[in-house]
Amino acid sequence: MTNSNDWKLKLRYGKETTLYTHYTVLAEGVCGEIKEGFSCPKGNAIMGIKVWATDIDESSDMVISIGNQIGFEVTGEIQIYSTEPEEPPRENPHGYDIQFTPFD
C-alpha cells in the first residue's frame, strides 16, 4: 500500500523533480458575476489560490488570468508566498484551492 503523501517525500529528497515551484497567492480585487462552483458576494474581496508555476512572475499572471476567467478582477496588491504543496505538480503549471474572502 502506498502513502498518498509519497510524492511530497519524493520531491523533498530529490527522488522526483519538477520544473515548478509551489506558491500561495493572495490578490485584492473585486468579485463580479462569479462562475458556478465558486462563491463570493459582489464587491471587494481577497482571492486566495495555490499554484504550481515556473516562477514568481508566472504565479501573479496566473491569479490575474484565472481570476478573470471566474469573475474576479485583480485591482490591488498581489502577495506571493512560497509554500508547501497540498497537491502534486502536474505536467503543466496549474492552480487549485481557490477561495474568496469578502471585505468592506
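What you see is a predicted model, and the numbers here were worked out from it, not measured in a lab.

Cut-off values and rules
- Residues numbered from 1 in each chain as written.
- Predicted model: local features only at pLDDT ≥ 70, side-chain atom pairs only at ≥ 80, totals over all residues.
- Heavy atoms only, no water.
- Phe/Tyr/Trp six-rings, centres within 6.5 Å; stacked < 30°, edge-to-face > 60°.
- Helix = DSSP H or I, 4+ residues; strand = E, 2+ residues; numbered from the N terminus.
- Buried < 20%, exposed > 50% of the residue type's maximum accessible area, 1.4 Å probe, protein only.
- Contact = heavy atoms within 4.5 Å.

Q: So what exactly am I meant to see when it comes to the packing of aromatic side chains here?
A: According to the stated counting rule, one finds two aromatic pairs in the structure shown. Aromatic pair F38 and F100: ring centres 6.5 Å apart, planes at 85 degrees, arrangement edge-to-face. Residue F38 is located in the loop between β1 (21–31) and β2 (43–53), and its partner F100 is located in strand β4 (residues 94–102); the two are separated by 62 residues in the primary sequence. A relative accessible area of 31% places F38 in the partly exposed class. Residue class for F100 comes out buried when judged on its relative accessible area of 13%. Measuring from ring centre to ring centre gives 5.6 Å for F72 and F100, while their planes differ by 50 degrees; the resulting arrangement is tilted. One end of the pair, F72, is in strand β3 (residues 72–82); the other, F100, is in strand β4, and 28 residues separate them in sequence.

Q: I tried to follow the environment of H94 on my own but got confused; where do I start?
A: The topology assignment puts H94 in strand β4. Of the residues examined, H94 reaches a relative accessible area of 7% and is grouped as buried. It is 8.5 Å that separates the C-alpha atoms of H94 and K50, two residues lying 44 residues apart in sequence. Excluding its chain neighbours within four sequence positions, the residues that come into contact with H94 are K50, V51, W52, M62, E87, P88 and P89.

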